[in-house]
Structures are given as C-alpha cells and as structure tokens.
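For reference, the chains in residue letters:
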Amino acid sequence: MNNLQKVDDWLRSSKKTVVLTGAGMSTESGVPDFRSASGWWTKTDLQKVATVDALEFNYPLFHEFYSMRIRLLEKCAPHEGHHILAKWEKDGILHRIATQNVDGFHFQAGSKCVDELHGSIYTFRCHSCGQSASKESFLAKERCGHCQGYLRPNVVLFGEMLPEKAWQNALSNIQSADLVIVIGTSLEVYPVNQLPMMTKGKKVYINKEIASHASYFDCILEGKAKEVLIKLDELLSTNK
Ligand code: NAD
Ligand code: APR
C-alpha cells in the first residue's frame, strides 16, 4: 500500500481529523511563503517588518510591507486544495483547521471550523488603544481617530502572544484528534511548531520540502499541497 492509500485509509477510519496549515498551503494561489527560496524572508528582514519594534520604530517600512501583502492578496484566491478541505468539512471527514495563514483563504473556500493562530490581515486596529479601524484607513496611512496611534492589521507579530481562544481551540482539538494532517509549513515558528507533537493520534506531513525534524511523523507525503489533496480526494471518492 503506498502512502497516499495509507492516508486515505486513515482519513476514512478517523473519528476526529484536524488539519494544520502554513504558508505553503497558499503558494499555489500565488501567495509567496516565508522561508522557501522565493519566500518573503529571503527578500525582507522580518525583524524590520514583522515585529512590534518594527511597527513602533519604523512604521513606514512596516506599513509598506503589510500594504503590499494586502494588495497582492486582493489579486489571489483560494485554490482547489482549499475547496477540497471545505468539502471534507461539509462531508464530516474533517473536524477542524488550525492555520498560521492570515489570508482568510480557508474561510473564502467555505470552511467554517477554522482557527486563525496568527490572526487575520483583513481586520485592523490601533496599536495603542486597540480601537478597530478600516482597511481604507490603514492603507491611507491614517492615524487612529481616537488617540492618533499607529494603525495595524490584526496579525500576530513576532514575540506577541497568539490569540488565546484560537490557540486553546487548536491545542485541545489536536490533543484529542486521532489524525493530524500538517500541510505547507516549515514548522520553524514557536509555539505552533509544538502542536503536531501534542496529539496521540496519527501524524501526516504534506510538504514540498521535507525538513529534518519531520522524522516524528507517521507518514510523509512529499509534494505540493493542491496536487496531493486532489489525489487524496480522488481516492476518497473512488473507494466510497
Ligand atoms: P520567539 O522566541 O520570538 O517567540 C516565542 C514566544 O512565543 C514565546 O516566548 C511565547 O511568549 C510566545 N507565544 C506566543 N503565543 C503563545 C502562546 N499562546 N503560548 C505560549 N507561548 C506563546 O520565537 P519566534 O519563532 O522568533 O517567533 C515566534 C513568535 O512570533 C510567536 O510569538 C508567534 O506568535 C509570533 N509569530 C509572528 C508571526 C508574524 O508573521 N510576524 C507569525 C507567526 C508567529
Ligand atoms: N505545497 C506544499 N508545501 C509547500 C508549498 C506547496 N505548494 N509551497 C511551499 N511549501 C512548503 C515550503 O517548502 C516550506 O517548508 O511550505 C513551507 C512553508 O514554510 P514557511 O515559509 O516557513 O511558512 P510557515 O511555516 O507558514 O511560517 C510560519 O512564520 O513568519 C511567520 O507569519 C509567518 O505564520 C508564518 C509563520
């Protein structure tokens, strides 16, 4: 039995399947990831754009980086892989998605049970007083109407705490899952990279490049997220 058939079997027999996704889930939608050859962090120093210090002491660069990502996302859409995960949720095959992605593609593809561990790039707030703000105000580089503070997207910056509810949801769902499928993440970033080890269930890693630390997975499917998900979905449909 090959690995695809093995995962197909596990998907069918699993009572609670949870998927954990990273930026590699969206590269086939045209959105760069972070640590691959063409990733954001190969062109931009994350310390200069994705930290609280960057926001507070170099707002123009911070603003330019997130404005550029917002503009790019306006031209991108979920791919077939996102839609397959949404179908699996509807068919009762997939219980929940925990994602590090801020692009909202799982929701846009129709998934409802999604925890956004690193927030969302589509909502905004004042960094000082927390008052919510609009995308238009952020893009226009306006200051907070309430306290004149800097506006920012609701993404988790390095060193910031993850949204507590999303984190607790993901942690408890993964702990109680009997199958965890990790898709398109280098597992470089704490604390999300600790999640796969928290499950007692089977662990599957679907990734374009297989990192050394992937040895603790029960099954590794090396390849592109969309392509692998299409193959898995075909197997699920044929052996129904
Ligand atoms: P780091 O040492 O900067 O971060 C580790 C920190 O993660 C820990 O010290 C802990 O305080 C913090 N943390 C955040 N939420 C937590 C939670 N719910 N439970 C326990 N600890 C939590 O390591 P790093 O790999 O350089 O950065 C990881 C940090 O970056 C995390 O805080 C993460 O939330 C954040 N992050 C930022 C981005 C981004 O795009 N800027 C994306 C993902 C994660
Ligand atoms: N299919 C499968 N895997 C892919 C694909 C694809 N089409 N494209 C890229 N990959 C793989 C890459 O080989 C890489 O191992 O996905 C992984 C993406 O890893 P990162 O770029 O590190 O992205 P991610 O793991 O999501 O980063 C975690 O770091 O800076 C923060 O905000 C950022 O939330 C992100 C966090």
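Residues numbered from 1 in each chain as written. Chains lettered and ligands numbered in written order. Predicted model: local features only at pLDDT ≥ 70, side-chain atom pairs only at ≥ 80, totals over all residues. Heavy atoms only, no water.

For the protein, the name recorded in an unreviewed UniProt entry is protein acetyllysine N-acetyltransferase, with Ureibacillus terrenus as its organism.

### Some thoughts on the UniProt feature "binding site: Zn(2+)" (unreviewed entry) in the protein
Following the UniProt record, the feature "binding site: Zn(2+)" (unreviewed entry) maps to C126, C129, C144 and C147 here. A maximum C-alpha distance of 8.4 Å among these annotated residues, which run over 22 residues, shows that they cluster at one spot. When its relative accessible area of 0% is taken as the criterion, C126 is described as buried. In contact with C126, other than residues within four places in its own chain, are Q131, C144, C147, G149, Y150 and L151. Tracing the chain through its elements places C144 in the loop between α8 (135-139) and β6 (151-155). On the basis of relative accessible area, C144 is assigned to the buried category, the value being 2%. Contact partners of C144, with chain neighbours within four places excluded, come to C126, C129, G149 and L151. (UniProt positions renumbered as here; feature names shortened; annotations may be inferred. Buried < 20%, exposed > 50% of the residue type's maximum accessible area, 1.4 Å probe, protein only. Contact = heavy atoms within 4.5 Å. Helix = DSSP H or I, 4+ residues; strand = E, 2+ residues; numbered from the N terminus.)

### Quick word on unusual backbone geometry
Each neighbour pair has its own omega, and for Y190 with P191 the value is 0°, a cis peptide bond. Structurally, P191 can be placed in the loop between β7 (179-183) and β8 (202-207). The phi angle at K141 is positive, at roughly 60°, despite the residue not being glycine. Counting through the fold element by element, K141 comes out in the loop between α8 and β6. On the basis of relative accessibility, which here comes to 41%, the residue K141 falls in the partly exposed class. Positive phi, close to 70°, is recorded for Q148, a residue that is not glycine. With respect to the element layout, Q148 can be found in the loop between α8 and β6. The class of Q148 is partly exposed, set by a relative accessible area of 48%.

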